[in-house]
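Tertiary structure, described
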Amino acid sequence: MALILILFSNVCFYNLDTQIIYIVMNLLAGVLVVLTQNLKSIKNVKPIIWLTGIFALFIVYGIFSLKAGTFNADRFIISYLQCILYYIIFKNIVLEAGFEKKMAYIFGVSALLCILTMYIQEGSFLGRELRSVGSSMAGNVNTVGMSLGIMSLFIVYYFGKTKKKSVLIFAITVMSIMMLTGSKKTIIYIIANIFILYSLSKNKFNGIISMILLFSFLAYLIFGVDYFYNMLGSRIIDMLGQMGFHIKNAHYSHSTEVRMYMINEAFDMWLQNPLFGGGTHYFQANTKTMYEYSHCNVTELLCSFGIVGFILYYIPHLSFFKSYKRISSNEKDIANFGFIITILTLIIDWMAVTYSGFSTMYIPIIFCLAIKEKRVETDNLNTQRRSYNYLK
């Protein structure tokens, strides 16, 4: 319930008109975690130290080294507390047998509530011409699409484990609606879901055939169905054409050209202050494009916080890759799932600034930290049992 409240509030109620509802829902979530979760099970505090470190960096820089615009310290404090709650919840859930079902239901209910809220506020998702869904929600259509994308990962993982048709139908519904937001980033989440299904296939040959069929179907939807082509497909073709691919129907993409320019510009700015960066919103203060951020998490971190902040932020990602073999020795499915969503996070970070977005964007890596700690505790428990049996 606490996790549903946080997810639902982030996607639907983070705005001035509903800020009281947002605050109440998150306070209730915090109370539920404190009262119901086994806080004593959090024996390894390294993930909490990491979260505290990066958010302290963001807040200190935002208060004392703000170079342009405004800094919303409240948002970062709330995101920090939400991330702590995520870790506590995930840590307790993954210790349970069959936790995949509980995770799927949590994210499934959250996605359903978000979709119903969109429907109530915006009306039917059909017959909208080229008007994207999600514009009435908190943030923008990109954050709504990415949030639903993160929820879909856990639903698809549960389907891959159980092969329940009802779960598949619901997952397809969520992915279809998140595509209607018009965000190109949702395609990356769908591709990740296809790889998740492949990783869970027992017969890899059949898995490859299924992947080919799923990719073909996705390509047909995006480039063969007029509605999705006009909303997504044409933009992807224009983007590829701008990047140098010789595609017949590609047109000039101002968006792609500006993004590529901003990334190059941001790297040049980073080289001016390579170690500790230039301060919060350093890109905004110096860019020639008039944009407030570089649309890339990697360059934004480097510009603002330097290589020190960049390394600090991505330490858990590298740590999970390092632990992947150890985790997969006994729990290959969840290790592969963690590997895929970590790669997904790194790809998305080249397409959007996620560190300052909703705490929802931190869910994949926090979940990976939880399953990594579960594996460490399992190893320690097995060692204790072997020692006991030896002494006995």
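Details of the structure are given in the entry above.
Treat the numbers as computed from the prediction; the structure is a model and nothing was measured.

Comments concerning the layout of surface pockets
Looking at the largest pocket, its volume works out to about 950 Å³. Within the residue set of the lining of the largest pocket, elements represented by two or more residues are helix 4 (73-93), helix 6 (141-162) and helix 13 (297-328). Here the element with the most residues in the lining of the largest pocket is helix 6; it accounts for three residues. Among the residues forming the lining of the largest pocket, the class breakdown is 13 nonpolar, 14 polar and five charged. Approximately 570 Å³ is the volume found for the second largest pocket. Lining the second largest pocket are 27 residues; nearest its centre among them are Leu168, Met175, Ile194, Leu197 and Leu214. Elements with a contribution of two residues or more to the lining of the second largest pocket: helix 6, helix 7 (165-179), helix 8 (185-200) and helix 9 (204-224). Here the lining of the second largest pocket takes eight residues from helix 9, the largest share from any one element.

Brief notes about the pattern of salt bridges
Taken as a whole and judged by the stated rule, the model has two salt bridges. The closest approach of N and O atoms between Glu96 and Lys102, which form a salt bridge, is 3.1 Å. Take Glu96: its relative accessible area is 35%, and that puts it in the partly exposed class. Since its relative accessible area comes to 38%, Lys102 is described here as partly exposed. The residue Lys161 makes a salt bridge to Asp333 at a minimum N-O spacing of 3.0 Å. Of this pair, Lys161 sits in helix 6 while Asp333 sits in helix 14 (residues 332-348), and the two are 172 residues apart along the sequence. For Asp333, a relative accessible area of 28% puts it in the partly exposed group.

The rules behind the values
Residues numbered from 1 in each chain as written. Predicted model: local features only at pLDDT ≥ 70, side-chain atom pairs only at ≥ 80, totals over all residues. Heavy atoms only, no water. 1 Å grid on protein atoms, 1.4 Å probe; cavity = no way out; pocket = protein on both sides within 12 Å on 5 of 7 lines; lining within 4 Å. Points joined across faces, edges and corners; volume = space filled by probe spheres on them. Helix = DSSP H or I, 4+ residues; strand = E, 2+ residues; numbered from the N terminus. Nonpolar A, V, L, I, M, F, W, Y, C, P; charged D, E, K, R; others polar. Salt bridge = Lys/Arg side-chain N within 4 Å of Asp/Glu carboxyl O. Buried < 20%, exposed > 50% of the residue type's maximum accessible area, 1.4 Å probe, protein only.

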